[in-house]
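An overview of the molecular structure
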Amino acid sequence: MSQSATLRHQLNAIPEEALEGRNFQVYTQRDLDRIEALSNLPRELRFDMEVVASVLPFRVNEYVIDELIDWDNVPADPIFHLTFPQKGMLSPDQYERMAAVLRRGAEQPEIQAVAQEIREELNPHPAGQLLLNVPKDEQGNRLEGLQHKYRETVLFFPSQGQTCHAYCTFCFRWAQFIGDKALKMATTEAAALHRYLRSHKEVTDLLVTGGDPMVMKTKRLASYLESLLAPEFDHIQTIRIGTKALTFWPHRFVTDSDADELISLLERLSDAGKHVAIMAHYNHWREMETPIAREAIRRLRSTGAEIRTQGPLLAHINDDADVWATMWQKQVQLGIIPYYMFVERDTGARHYFEVPLAKAWQIYRDAMQKVSGLGRSARGPSMSAGPGKVEVQGVTEIQGEKVFVLRFIQARNPDWVQRPFFAQYDEKATWLDHLKPAFGEEKFFFEEEYEAICKERLG
Ligand code: SF4
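Residues numbered from 1 in each chain as written. Predicted model: local features only at pLDDT ≥ 70, side-chain atom pairs only at ≥ 80, totals over all residues. Heavy atoms only, no water.

1. Quick look at the overall build of the chain
Filter applied, for reference: Helix and strand assignments come from DSSP, with helices taken as H or I runs of at least 4 residues and strands as E runs of at least 2, each series counted from the N terminus. Taken over C-alpha atoms, the radius of gyration is set against a globule rule of 2.2 Å times the number of residues to the power 0.38. Here, residues are in contact when the closest pair of their heavy atoms is within 4.5 Å. Charged residues are defined narrowly, with Lys and Arg counted positive, Asp and Glu counted negative, and His plus the chain ends left uncounted. Throughout, a charge is located at the NZ atom of Lys, the CZ atom of Arg, the CG atom of Asp or the CD atom of Glu.
The helix and strand inventory of the chain stands at 16 helices and 13 strands. The C-alpha radius of gyration computed for the chain amounts to 22 Å, which stays within 12% of the reference 23 Å derived for 459 residues, consistent with globular compactness. Each principal axis of the C-alpha distribution contributes one length, and for the chain these read about 70 × 60 × 50 Å. At a minimum sequence separation of 6, the contacts of the chain that also span at least 24 residues come to 72%. Side-chain charges in the chain split into 54 positive and 65 negative, and the spacing between the mean points of these groups amounts to 3 Å.

Written out as structure tokens, the structure reads:
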């Protein structure tokens with residue numbers, strides 16, 4: 001170990017062995033029987049997992065199993081819920097359909113057919129991702145693997161980054177992981193990305209996303225990002241990288257064979273004047289507790305990159321103001337910026353994880369009241385819906401009517417941004433399409449224009 005590394009360990013009091021490399025050992029649905037920690041759980045619970053994992057993607061690694069899950073607290077443990085399939089994730093009817101074929105030992109094609117049928121019922125691509133957001137080149141060809149929903153931000157889905165070090169049970173991009181090519185948004189084409197960015201000077205932000213782009217080798221990531229240092233890309237001011245590797249595989253930034261290369265790539269981008277923002281996905285403060293996770297954060301910050309955090313509010317995992325307050329406080333303490341509290345999206349196992357908007361707002365508010373000013377940078381609760389990102393700003397009464405106060409944080413039409421609008425209060429509503437305009441209005445102010453945009457895009 002180098003002298004500076006030794007000094008760093010002394011300063012941070014992190015035992016060296018806690019930062020040692022680990023082999024990346026991953027388990028999927030086929031390996032459920034090989035996970036030793038599960039062997040102590042009741043047989044039915046394991047069968048439930050098998051049923052759900054036959055429909056929705058499942059992937060976990062040994063670091064998560066050994067160091068993040070508190071097995072004395074299973075099944076209630078939030079990290080267990082975050083990564084292991086739960087019976088309630090399917091409706092009773094869906095569960096029974098899959099359980100029946102598994103119980104009678106059906107062949108794979110039949111199991112796959114039932115899985116497919118159930119997946120179709122789970123709204124695999126919410127908010128028109130597949131149809132509405134994919135841009136076209138000058139010849140009118142769709143640029144698969146890119147999304148351009150908001151004027152200044154382009155999303156890029158490199159195909160080697162369309163998996164994660166483990167999968168979240170509630171993942172809103174689950175459809176990408178089930179091997180259905182029609183649902184997969186991805187490209188390997190660096191040239192197409194660069195061509196598109198070159199001809200769209202209004203774009204200031206590139207978001208590299210997945211899956212998790214941090215599963216890619218550094219060389220691959222560099223092949224997409226280094227070209228952006230050329231003067232023709234001066235308009236790209238910010239490079240955001242969405243990742244959950246700080247939780248699921250912090251070794252990526254510390255001990256993996258190309259971790260140092262990754263750190264210097266980020267340094268080069270920052271030094272050249274790009275704002276590098278690591279958009280870290282967190283759901284619980286426990287994800288930041290291990291020494292390796294803290295070291296990964298420290299190394300990333302040392303590059304000049306900024307870490308901003310986001311994640312959905314989820315029943316069974318973090319529907320508690322204290323959990324959010326503790327998480328935001330710890331993030332501030334570690335030099336990370338709390339950025340978003342999202343509402344669980346309308347896809348996949350949403351019914352199991354969703355929290356009504358009224359309760360979500362209450363949790364957000366209570367958590368905000370418990371943290372200092374620097375912890376109050378998180379926006380929310382915010383729905384990433386078809387027309388844009390809609391934030392629930394509060395619940396109030398206007399002229400005798402109880403209403404939700406809403407606003408667009410981001411929108412397909414920039415003119416909608418920050419305009420307050422009102423919906424009838426509904427204690428059970430969990431998503432924008434459950435809400436009705438307040439004060440007897442027939443439609444929300446953006447609806448007609450949004451319908452026109454959809455019509456135009458869908459040709
Ligand atoms: S890290 Fe993101 S993309 Fe990967 S499984 Fe979790 S929510 Fe899905």
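2. A short note on the packing of helix α9 (residues 218–225) against helix α11 (residues 259–271)
The condition that has to hold: Inter-axis angles, ranging from 0 to 180 degrees, are taken between N-to-C directions of lines fitted to C-alpha atoms, where helices are fitted over the stretch in contact. Oblique is the label for any angle not covered by the other classes, which are roughly parallel (under 35 degrees), roughly antiparallel (over 145) and roughly perpendicular (65 to 115). For any pair of crossing helices, the crossing counts as left-handed if the nearer helix is rotated counterclockwise from the farther one by less than a right angle, and right-handed if it is rotated clockwise. Each residue gets one label: Ala, Val, Leu, Ile, Met, Phe, Trp, Tyr, Cys and Pro are nonpolar, Asp, Glu, Lys and Arg are charged, and the others, such as Gly, are polar.
At their nearest, the axes of α9 and α11 sit 9 Å apart, and the two run at 15° to each other. Classified by the interaxial angle, the pair formed by α9 and α11 is roughly parallel. Crossing of α9 against α11: the hand is left-handed. Mapping the contact onto sequence places Thr218, Lys219, Leu221, Ala222 and Leu225 in α9 and Glu261, Leu262, Leu265 and Leu269 in α11. Class assignment for the residues of the contact of α9 with α11 results in six nonpolar, one polar and two charged.

3. Here's the deal with the side chain of lysine 244
The condition that has to hold: Under the rule applied, a polar contact is a pair of N or O atoms within 3.5 Å (in protein, one hydrogen donor and one hydrogen acceptor; residues adjacent in sequence only if both atoms are side-chain atoms).
The topology assignment puts lysine 244 in the loop between β6 (238–243) and α10 (245–248). Within the structure, the side chain of lysine 244 is placed 2.7 Å from the side chain of asparagine 283, a separation counted as a polar contact. The residues contacting lysine 244, other than those within four sequence positions of it, are Leu82, Cys168, Asp212, Trp249, His281, Tyr282, Asn283 and Glu287.

4. Some thoughts on the site of the ligand
Selection rule: Proximity criterion: a residue is near a molecule or strand once any of its heavy atoms comes within 4 Å of it.
Within the structure, the ligand sits among Cys164, Tyr167, Cys168, Cys171, Phe177, Gly211, Lys244 and His281. A per-class count over the shell around the ligand returns five nonpolar, two polar and one charged.

5. Focus on the pattern of salt bridges
Convention followed: The salt bridge criterion pairs a side-chain nitrogen of Lys or Arg with a carboxyl oxygen of Asp or Glu, the two atoms within 4 Å. Three exposure classes are used, based on accessible area relative to the maximum for each residue type with a 1.4 Å probe and protein chains only: buried under 20%, partly exposed in between, and exposed over 50%.
Per the counting criterion, the structure on display carries 29 salt bridges. With a shortest N-O distance of 3.0 Å, arginine 97 and glutamate 121 are connected by a salt bridge. Of the two residues, arginine 97 is situated in helix α5 (residues 92–103) and glutamate 121 in the loop between α6 (108–120) and α7 (129–132); the sequence distance between them amounts to 24 residues. Take arginine 97: its relative accessible area is 22%, and that puts it in the partly exposed class. A salt bridge links glutamate 451 to lysine 443, with the nearest nitrogen and oxygen atoms 3.6 Å apart. Its relative accessible area of 41% is what places glutamate 451 among the partly exposed residues. Taking relative accessible area as the criterion, lysine 443 reaches 35% and is therefore assigned partly exposed. Three or more residues joined by partner-sharing salt bridges are found here, namely Arg22, Glu62, Asp66 and Glu67.

6. Some thoughts on the pairing of strand β13 (residues 421–424)
Remember that side chains alternate between the two faces of the sheet whenever the strand is regular. What counts here: Strands qualify as paired when DSSP identifies two bridges or more between them.
By the alternation rule, side chains of β13 split into Phe421 and Ala423, which are all buried, and Phe422 and Gln424, of which none is buried. As paired strands, strand β12 (residues 401–411) and β13 are joined by four bridges and run antiparallel to one another. Bridge pairing links leucine 406 to phenylalanine 421 in β13.

7. A word on the packing of α5 against α6
At a minimum axis distance of 10 Å, the contact between α5 and α6 shows a crossing angle of 175°. The angle between α5 and α6 places the two elements in the roughly antiparallel class. Every residue of α6 that contacts α5 at Gln94, Arg97, Met98, Val101 and Leu102 is listed here: Glu110, Ile111, Val114, Ala115, Glu117 and Ile118. Residues of the contact of α5 with α6, tallied by class, amount to seven nonpolar, one polar and three charged.

8. Details of the packing of aromatic side chains
To be explicit about the condition: Two aromatic rings from Phe, Tyr or Trp, using only the six-membered ring of Trp, form a pair when their centres are within 6.5 Å; if the ring planes differ by under 30 degrees the pair is stacked, by over 60 it is edge-to-face, and anything between is tilted. A ring is scored as having a charge over it whenever the NZ atom of a lysine or the CZ atom of an arginine sits within 6 Å of its centre and within 35 degrees of its normal.
Taken as a whole and assessed by the stated rule, the structure comprises 25 aromatic pairs. Ring-pair connections join several aromatic residues into one group, and the members of that group are Phe408, Trp416, Phe421, Phe444, Phe445 and Phe446. Positioned over the ring face of tyrosine 95 is lysine 87, at 4.6 Å from the centre of the ring. The lysine or arginine in question, lysine 402, covers the ring of tyrosine 425, its NZ or CZ lying 4.1 Å from the ring centre.

9. Focus on the environment of phenylalanine 422
For phenylalanine 422, the position within the fold is in strand β13. Once the C-alpha coordinates of phenylalanine 422 and aspartate 31 are considered, the two residues, 391 residues apart in sequence, prove to be 49 Å apart. Aside from chain neighbours lying at most four places away, what touches phenylalanine 422 is Ile398, Val403, Phe404, Val405, Pro437, Ala438, Phe439 and Phe444.

10. A few points about α5
Stated formally: Multiplying 1.5 Å by the residue count of a helix minus one yields the expected span of that helix. What the arc measures is the spread of directions leading from the helix axis to the C-beta atoms.
Compared with the 16 Å implied by 1.5 Å per residue over 12 residues, the 16 Å span of α5 between its first and last C-alpha is a close match. Along α5, the residues classified as buried are Gln94, Tyr95, Met98, Ala99, Val101 and Leu102. For α5, the buried positions fall inside an angular range of 165° around the axis, keeping them on one side. For α5, exposure combined with an orientation more than 90 degrees from the buried face picks out Pro92 and Arg103. Buried residues belonging to α5 abut α2 (43–53) and α6. Just beyond α5, the residue with positive phi is glycine 105, at close to 60°.

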